[in-house]
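# Results of the structural survey
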Amino acid sequence: AQSVTQPDIHITVSEGASLELRCNYSYGATPYLFWYVQSPGQGLQLLLKYFSGDTLVQGIKGFEAEFKRSQSSFNLRKPSVHWSDAAEYFCAVGARDTGRRALTFGSGTRLQVQP
Amino acid sequence: GAGVSQTPSNKVTEKGKYVELRCDPISGHTALYWYRQSLGQGPEFLIYFQGTGAADDSGLPNDRFFAVRPEGSVSTLKIQRTERGDSAVYLCASSDRTSSNGLNEQFFGPGTRLTVL
């Protein structure tokens, strides 16, 4: 069964600082990989996804993520954080080889941005 | 255009009662998903519809949970004999027909917060 681990429950960064949110997955093959953001009272919004090809993926709002097969990781990065980035971030995986459409999410990382 | 909508936004009920949660997907989306998000956790898959049929209901926790999508658009998640442990945010998502090279983006609604007293 696939699983996702987000080791950091809560991260605080200063506005303008760089950010890296960690995501590790367990899956028999290379899964489909996603990062979602959830702001209070809002639905989940897709930031970026990896299906195949270039392992460095660009997303919306200046985010990027790098797929590292050897480390089973898909860490999210942003070079300069804005106060509006404060939210909860979820990494998710989707099955590539079973046809199953459900996503498996990590438990999330809450990002706090200090002025 | 309109996104995924869910009603009600909040539902408070008593233990043992029956509840229905509604999801209106994005117009034209053939796939619809229900997830449940408990406090401090990520969403957990419940059920997936392709059109009118449930293509994968492996996430439903027990037979108290049931979902329908009779006309291939609106879906209703039904919970019988609610328990305090059912308290969570229930999220609905929809997507276009799955492409051949991957999973299409799932667009999420704002959720229904269910509280069972």
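Below: a short report on this structure.

Procedures and definitions
- Residues numbered from 1 in each chain as written.
- Chains lettered and ligands numbered in written order.
- Predicted model: local features only at pLDDT ≥ 70, side-chain atom pairs only at ≥ 80, totals over all residues.
- Heavy atoms only, no water.
- Core = buried A, V, L, I, M, F, W, Y, C linked by side-chain atoms within 4.5 Å.
- Buried < 20%, exposed > 50% of the residue type's maximum accessible area, 1.4 Å probe, protein only.
- Helix = DSSP H or I, 4+ residues; strand = E, 2+ residues; numbered from the N terminus.
- Contact = heavy atoms within 4.5 Å.
- Buried area = accessible area lost by both parts, 1.4 Å probe.
- Salt bridge = Lys/Arg side-chain N within 4 Å of Asp/Glu carboxyl O.
- Polar contact = N/O pair within 3.5 Å; in protein donor to acceptor, adjacent residues only side chain to side chain.
- Nonpolar A, V, L, I, M, F, W, Y, C, P; charged D, E, K, R; others polar.

### A look at the nonpolar core
- In terms of nonpolar packing, the biggest core is built from 28 residues, with Leu19(A), Trp35(A), Leu47(A), Leu48(A), Phe74(A), Leu76(A) and Tyr89(A) touching the most fellow members.
- Considering every element that reaches this core, the biggest residue donor is strand E10 (residues 87-94) of chain A, with 4 residues.
- Not counting the four nearest positions on each side in its chain, Leu47(A) is found in contact with Trp35(A), Tyr36(A), Val37(A), Gly59(A), Ile60(A), Lys61(A), Phe63(A), Leu76(A) and Tyr89(A).
- Ranked by size, the runner-up nonpolar core spans 21 residues in total, among them Phe51(A), Ala92(A), Ala93(B) and Leu103(B).

### A word on the interface of chain B and chain A
- With 21 residues of chain B at the interface, the matching set in chain A holds 19 residues.
- Together, the buried faces of chain B and chain A total about 1,700 Å²; carbon and sulfur atoms form 59% of this surface.
- For the pair chain B and chain A, the number of links is 0 salt bridges.
- At the boundary of chain B with chain A, the tally comes to 4 residue pairs in polar contact (both at pLDDT 80 or more).
- When contributions to the side of chain B that touches chain A are tallied by element, the ones reaching two or more residues are strand E4 (31-37) and strand E5 (44-50) of chain B.
- Grouping the constituent residues of the side of chain B that touches chain A by class yields 9 nonpolar, 10 polar and 2 charged.

### Observations concerning the side chain of Ser95(B)
Residues and elements named next belong to chain B.
- Assignment of secondary structure puts serine 95 in strand E9 (residues 88-95).
- In this structure the side chain of serine 95 is engaged in a polar contact, spanning 3.4 Å, whose partner is the side chain of tyrosine 33.
- Excluding residues within four positions of it along the chain, serine 95 makes contact with His29, Thr30, Ala31, Tyr33, Asn104, Glu105 and Gln106.

### With respect to unusual backbone geometry
- The omega torsion across Thr7(B) and Pro8(B) is -10 degrees, close enough to zero to call that bond cis.
- Tracing the chain through its elements places Pro8(B) in the loop between strand E1 (5-7) and strand E2 (10-13).
- You will see that Lys61(A), though not glycine, has its phi angle at about 60 degrees, which is positive.
- Residue placement: Lys61(A) occurs in the loop between strand E7 (56-58) and strand E8 (64-68).
- Look at Ser72(A): it is not a glycine, yet its phi comes out positive at around 50 degrees.
- By secondary structure assignment, the location of Ser72(A) is in the loop between E8 and strand E9 (73-78).
- What makes Ser72(A) partly exposed here is its relative accessible area of 26%.

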